[in-house]
Amino acid sequence: MLRAVWLTIGKEFLLIRRDRVGLFMLLVAPIAVIAAAGFSLAKIYGGRTAPRGEYSVAVLDEDHGRVARAILDALDHQPDLSVINSTSRRDAQQTVREKKIAVVAIVIPAGTTDAIEHGRGAQLILYTDPVKYLQTIKVELALSELCRKITAGAATEARGQIAQRTRDFTSQLNRARDSAQKAREEAARLGKQADASRAAIEPKIRAHIETALTAARDHAKIALDAEIGRIQSKLDADSGARQAKLDELKDYLGRLEIAHGQFETWFGQLKQLAGSHAADIPPPPSIPTLPQDLNLGGINLAPVAELGDARSRLENALTIPPIDLKLPDFPPTPKIPLLDIPEMPAIDPSLSIPGSLGITEVDLTGKSIGQFAGFNAFDLQVPGFAVTFLLIGMLMGVSLALIDEHDWGTLERLRSASAPLWATLTGKLLARFVVGFIQMGVLFAAGYVLFGISLGRTPAALMMPAAAVAFAGAAFGLIVAGVGKTRDAVLPVGAIVIMTMAAIGGCWWPIDFEPAWMQQVALALPTTWAMRAFNDLMIRNLAASSALIPSAVNFGFGIIYSVVGVAIARRRFG
Amino acid sequence: MNSGPMIRAEDLRKRYGDRVALDGVSFVVNAGEIVGLLGPNGAGKTTTLSILSGVIPPDSGRASIATHDLATDPREARRSLGLVPQSLALYPTLTALENLMFWGRIQGMASSDALSHARTLLAEVGLDDRADDEVNEFSGGMMRRLNIACGMMHSPAAIMLDEPTVGVDPQSRGRIFAVVEAAAQAGGAILYSTHYMEEAERLCDRIVLIDHGKIVAQGTDRELIALAGTEPRIEIMTKKALPPGWSNGIAGVGEMPWEVVNGFAAAATLNNLEQVPDVIRRAVEVGDEVIEFHVHRPNLQDAFLKLTGHALRDAP
């Protein structure tokens, strides 16, 4: 019987390989749908669909201050945003609501920077398009975060400045305190040093003065002697010269006196001669007479003898009596009073600038993933649509293949041969299971290559839920085949079942979008458990063990479906 | 060659709800023998073949293939059987060779044996040049031929063909006949289900007439015709209408009630075909001129009609 199973598997693979439409539905169609859904819905999950500038934001800067620059700079560095500069509020509104080229317009009112810097609040103005609700929320989130960062940055800067100034002030106080202490110590040291110096310097000063005085006296004596000698010589020379001149004068005066007498005589004669005109003759000039007491002879210009006496008297005067040196006391060392420099009081925390409350998203492994990081929408769409198309392949594949075999008559021929129904069913299930498993692998590989999906910590672990849901899907195909009598019946039944299972099971959107009661209902579907496992492994980045229970549940579903499906198929085709 | 019964049906009974599908069907097919299972649509032919091929179980009765009881030894019974179902039990997207290989291997053939035998069979059914073409590109006749080849892949001791010539062209029909006859000559026991009387007469050594789930009669075609007691008859169209008693005086000829067409037709039963000249001569005398006549030899249709009261192709 295993031979029949094996041959059936081989035959199924041949049939699948020849079924180009089926292969298209297995591989190409899912990728196309995944691409469409992933790119379309990426914004919902915070993922990116373009490397830059996914959203355009109009900005009107009326502030032109630091805050405005910070906002513009931050917007410019937001990878999702591209900035359009507006020239007026009207232009900003038109950009959003009429031209529709920007998701929102941001107006930074004048005075924003001043308000922030002076501790007042400030409000940005947003012009939004209500139709672009999701995009607006995303931009508003980004802006809120931006505002929070700017405010937090300002607060941090203020706190930093306060802390720095406090540190500076404390440092200055400490330095002043240290300086005062050093001054006090220096003054005390100087006082002691002054006392010691004064005691040591007095005899030295005395000796020094005495030495200096002695040297001065000797020097003065030498100089005095030299000078007195020189004066003496000069005086002697001058006295000799004056004596010679005096002698000449004395001779002159003698001759003058003679001339005077002769003149008088001559003049008397003259008058006589003038006769009557004698009266007209003016009196002759008076020739002074020598003073009576002039005794030029008595003038002695001999060298002065008194200089010798003067020398001895001066030398005596240079004799220094013993010095009785009395140095005045040094003024007392000034006492530096103890400065009471108070310690820097601790800053009351309640008086500090309040901190800002931020958010840091951390994944389930504790790794920080940034704020509002979102995730790659394809991490949801690839497994979701892979499971959806897996179900299509499984349900349609198994059920339609069985109905085809029935309609073709091959099922009857198989049963007339040595291939019992269960062997045919098992072969078909296994073949479809393998195909489904390969399909999942190909779609995940395509997702990884084309859409950059995460394969989680252990990519091999993805095989576990993939195998489980492939088994459950293939087994469910037996039930559908038993319920639908013809292809025309199976197609709508299968489509309804697949769509319902996929939608409720969270293949197309996160199951948390659904109401609680629907989430409870979803627990009865293999799609729910498959997506739980894939989301745990790929998005939540959990360990491989996280997929054990969901996979076990789906294998359980598969077993139940198999039992029920075989029973129905036996009744239907047996 | 085993000349014993390769296919044996013993008192097979089958009901589907209130409807009796088979009601005590019994017959055998010996090795090298082609037995036709002849009956109108719904007579129970397919049900009989389904039971004999092990597809469905009978409510009662026994069936065996090559002495292997289908109830107690189904594996060997099925292994000895080749079924050619009425539907084209082929995989349309596989090639002819792939189909033959699959059916041969599912019956336990080794791959190499299956390949060589498949090529032989393809040549026999005239499809050797289409071995690697997908079946969905074949005509209906080609599919029928391949369908038969698939049933014969493992050289079974017993072969059952269910309406194997439905919708086929004369060329394919001839090929099918040749293949079936060759299989019989090779020692196969052939059960050939058909509602084509001509095929049964042409191909079958024996015929089992079945109607409403019951065997009406079985034997060679002559035996069946004889069993039904049918006689040759002549249908005549004359210029003037033949009055009743027009054949009086010719021994062994009996006038038959006949649907008059424009008043110029008559029919009569004959004891033997040697009476035809006398009858024609009398018709010329009485009817002025014989425009047309037709001598009808008794056949299975007549026998069936006689035995069941309704025509083979007009089963209620």
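A word on the overall build of chain B. Tallying secondary structure elements over chain B gives 10 helices and 14 strands in all. Of all 316 residues assigned to chain B, the portion counted as buried reaches 53%. Accessible surface computed for chain B: about 13400 Å², of which carbon and sulfur atoms make up 49%.

Another aspect to go through is the overall build of chain A. In terms of helices and strands, chain A carries 15 helices and 4 strands. Out of the 574 residues belonging to chain A, those deemed buried represent 37%. Carbon and sulfur atoms make up 63% of the accessible area of chain A, which amounts to about 31600 Å² in all.

Right, let's talk about the packing of helix 3 (residues 96-106) of chain B against helix 5 (residues 140-152) of chain B for a bit. Residue and element names in this part refer to chain B. Interaxial distance between helix 3 and helix 5 falls to 8 Å at its minimum, and their mutual angle equals 25°. Classified by the angle between their axes, helix 3 and helix 5 sit roughly parallel to one another. Helix-helix and strand crossings are classified by hand; for helix 3 and helix 5 the assignment is right-handed. Here helix 3 contributes Ala-96, Asn-99, Leu-100 and Trp-103 to the contact with helix 5, which in turn contributes Leu-146, Ala-149 and Cys-150.

Glancing now at the sheet that holds strand 2 (residues 19-30) of chain B. Residues and elements named next belong to chain B. Ordered by their spatial adjacency, 4 strands build an open sheet running 2-1-4-5, and the pairing between neighbours is antiparallel. Two strands lie at the open edges of the sheet, namely strand 2 and strand 5 (68-69), each paired on one side alone. Where strand 1 (residues 5-16) and strand 4 (residues 60-65) come together, 5 bridges link them in antiparallel fashion. Bridging from a neighbouring strand, Ile-7 pairs with Ile-65 of strand 4. Here helix 1 (residues 45-52) sits on the sheet and contacts strand 1, strand 2 and strand 4; the angle it forms with strand 1, its principal contact strand, is near 120°.

What follows is about the pattern of salt bridges. Counted according to the given criterion, the structure contains 34 salt bridges over all chains. Between Asp404(A) and Arg487(A) there is a salt bridge, with its nearest N and O atoms 2.6 Å apart. Here the residue Asp404(A) occupies a position in helix 8 (residues 377-408), and Arg487(A) occupies one in helix 12 (residues 487-504), the gap between them amounting to 83 residues. Among the residues examined, Asp404(A) registers a relative accessible area of 14% and is labelled buried. On the basis of relative accessibility, which here comes to 36%, the residue Arg487(A) falls in the partly exposed class. Close ionic contact of Glu199(B) with Arg173(B) constitutes a salt bridge, the shortest N to O distance being 2.7 Å. With Glu199(B) in helix 7 (residues 197-203) and Arg173(B) in helix 6 (residues 170-185), this residue pair connects regions lying 26 residues apart in the sequence. According to the relative accessible area criterion, Glu199(B) is buried, its value standing at 2%. The exposure class of Arg173(B) is partly exposed, given its relative accessible area of 23%.

Moving on, we get to the interface of chain B and chain A. Contacts between chain B and chain A engage 31 residues on the former and 23 residues on the latter. The contact between chain B and chain A buries some 2400 Å² in all, and 57% of this surface belongs to carbon and sulfur atoms. Among the residues of chain B in contact with chain A, Val55(B), Tyr91(B) and Ile106(B) are the three that bury the most area, contributing 25% of the side total. Our count for the chain B to chain A interface comes out at 2 salt bridges. Note that Arg18(A) is salt-bridged to Glu134(B), the shortest N-O span being 3.9 Å. Taken together, the connections running from chain B to chain A amount to 13 residue pairs in polar contact (both at pLDDT 80 or more). Only helix 2 (74-79), strand 6 (81-84), helix 3 and helix 5 of chain B provide two or more residues apiece to the side of chain B that touches chain A. For the side of chain B that touches chain A, the per-class residue count stands at 16 nonpolar, 9 polar and 6 charged.

In regular strands, side chains alternate between the two faces of the sheet. All names here are of chain B. Burial of the side chains of strand 6 extends over both faces: Leu-81 and Leu-83 are buried on one face and Gly-82 and Val-84 on the other. Note that strand 6 and strand 7 (residues 158-162) share 4 bridges and pair parallel. Looking across to strand 7, one finds that Leu-83 is bridged to Met-160.

Non-glycine residue Lys100(A) carries a positive phi angle of around 60°. Residue position: Lys100(A) is located in the loop between helix 4 (89-97) and strand 3 (104-108).

To continue, consider the packing of aromatic side chains. Applying the stated criterion across every chain, the model contains 14 aromatic pairs over all chains. Ring centres of Phe433(A) and Phe437(A) lie 6.3 Å apart, and the angle between their planes is 20°; this geometry places the pair in the stacked category. Note that Phe433(A) and Phe437(A) are positioned in helix 10 (residues 421-451) at a spacing of 4 residues, about one turn of the helix. When the centroid spacing of 5.8 Å and the interplanar angle of 10° are considered together, the rings of Tyr91(B) and Trp103(B) count as stacked. Here Tyr91(B), found in the loop between strand 6 and helix 3, pairs with Trp103(B), found in helix 3; they are 12 residues apart in sequence, far enough to count as distant. Here Tyr91(B) falls in the buried class, since its relative accessible area comes to 0%. On the accessibility criterion, Trp103(B) (2% relative accessible area) is buried. One aromatic cluster in this structure is built from Trp408(A), Tyr91(B), Phe102(B) and Trp103(B).

With that out of the way, let us pick up the sheet that holds strand 9 (residues 206-211) of chain B. Residues and elements named next belong to chain B. In spatial order, the strands read 6-7-8-3-9-10; together these 6 strands make up an open sheet with mixed pairing. The open sheet terminates on both sides in strands that have one partner only, identified here as strand 6 and strand 10 (214-219). Strand after strand, the sheet turns through a mean of 15° between neighbouring axes, direction not considered.

Time to look at the packing of helix 8 of chain A against helix 12 of chain A. Residue and element names in this part refer to chain A. At a minimum axis separation of 10 Å, helix 8 and helix 12 run at an interaxial angle of 160°. With respect to each other, helix 8 and helix 12 are oriented roughly antiparallel. Of the two elements, helix 8 crosses helix 12, and the hand of that crossing is right-handed. Residue-level contacts link Thr-388, Leu-391, Ile-392, Leu-395, Met-396, Ser-399, Leu-400, Ile-403 and Asp-404 of helix 8 to Arg-487, Val-490, Leu-491, Gly-494, Ala-495, Val-497, Ile-498, Met-501 and Ala-502 of helix 12. When grouped by side-chain class, the residues that make up the contact of helix 8 with helix 12 number 13 nonpolar, 3 polar and 2 charged.

With 67 residues, the main nonpolar core has Val387(A), Met440(A), Phe444(A) and Phe534(A) as its most contacted residues. At the level of elements, helix 2 (20-41), helix 8, helix 10, helix 11 (463-483), helix 12, helix 14 (526-539) and helix 15 (548-573) of chain A are the ones that each hand at least two residues to this core. Sort the elements by how many residues they give to this core and helix 8 of chain A lands first, with 17 residues. Apart from residues lying up to four places away in sequence, Met440(A) is in contact with Ala386(A), Val387(A), Leu390(A), Ala466(A), Val469(A) and Phe534(A). With 62 residues, the next largest nonpolar core counts Val84(B), Ala118(B), Leu224(B) and Leu300(B) among its residues.

All names here are of chain A. A contiguous nonpolar surface patch, about 280 Å² in accessible area, is contributed by Phe-13, Val-434, Ile-438 and Val-442. Checked against the element boundaries, Phe-13 lands in helix 1 (residues 2-18). Note on Phe-13: relative accessible area 31%, which makes it partly exposed.

Before going further, it helps to examine helix 15 of chain A. Residues and elements named next belong to chain A. With 26 residues, helix 15 ought to run about 38 Å at 1.5 Å a step, and its terminal C-alpha atoms sit 35 Å apart, in line with that. Residues of helix 15 that are buried include every one of Pro-550, Ser-551, Asn-554, Phe-557, Gly-558, Tyr-561, Ser-562, Gly-565, Ile-568, Ala-569, Arg-572 and Phe-573, and no others. At its buried positions, helix 15 is contacted by helix 8, helix 9 (410-416), helix 10, helix 11 and helix 14.

Right, let's talk about the environment of Ala317(A) for a bit. Residue and element names in this part refer to chain A. Relative to the helices and strands, Ala-317 is located in helix 7 (residues 306-317). With relative accessibility at 58%, the residue Ala-317 sits in the exposed group. Sequence separation of Ala-317 and Arg-217 is 100 residues, and the distance between their C-alpha atoms is 9.6 Å.

Reading the values: rules and limits
Residues numbered from 1 in each chain as written. Chains lettered and ligands numbered in written order. Predicted model: local features only at pLDDT ≥ 70, side-chain atom pairs only at ≥ 80, totals over all residues. Heavy atoms only, no water. Helix = DSSP H or I, 4+ residues; strand = E, 2+ residues; numbered from the N terminus. Buried < 20%, exposed > 50% of the residue type's maximum accessible area, 1.4 Å probe, protein only. Areas by Shrake-Rupley, 256 points an atom, 1.4 Å probe, with all protein chains shown as cover. Axes fitted to C-alpha atoms, helices over the stretch in contact; angles between N-to-C directions. Parallel < 35°, antiparallel > 145°, perpendicular 65-115°, else oblique. Left-handed = near helix turned anticlockwise from the far one by under 90°. Contact = heavy atoms within 4.5 Å. Pairing = 2+ DSSP bridges. Salt bridge = Lys/Arg side-chain N within 4 Å of Asp/Glu carboxyl O. Buried area = accessible area lost by both parts, 1.4 Å probe. Polar contact = N/O pair within 3.5 Å; in protein donor to acceptor, adjacent residues only side chain to side chain. Nonpolar A, V, L, I, M, F, W, Y, C, P; charged D, E, K, R; others polar. Phe/Tyr/Trp six-rings, centres within 6.5 Å; stacked < 30°, edge-to-face > 60°. Core = buried A, V, L, I, M, F, W, Y, C linked by side-chain atoms within 4.5 Å. Patch = residues over 30% accessible without salt bridge, like charges linked within 9 Å, V, L, I, M, F, W, Y side chains within 5 Å. Expected span 1.5 Å × (residues − 1).

By themselves, these are just geometric observations and shouldn't be taken as functional.
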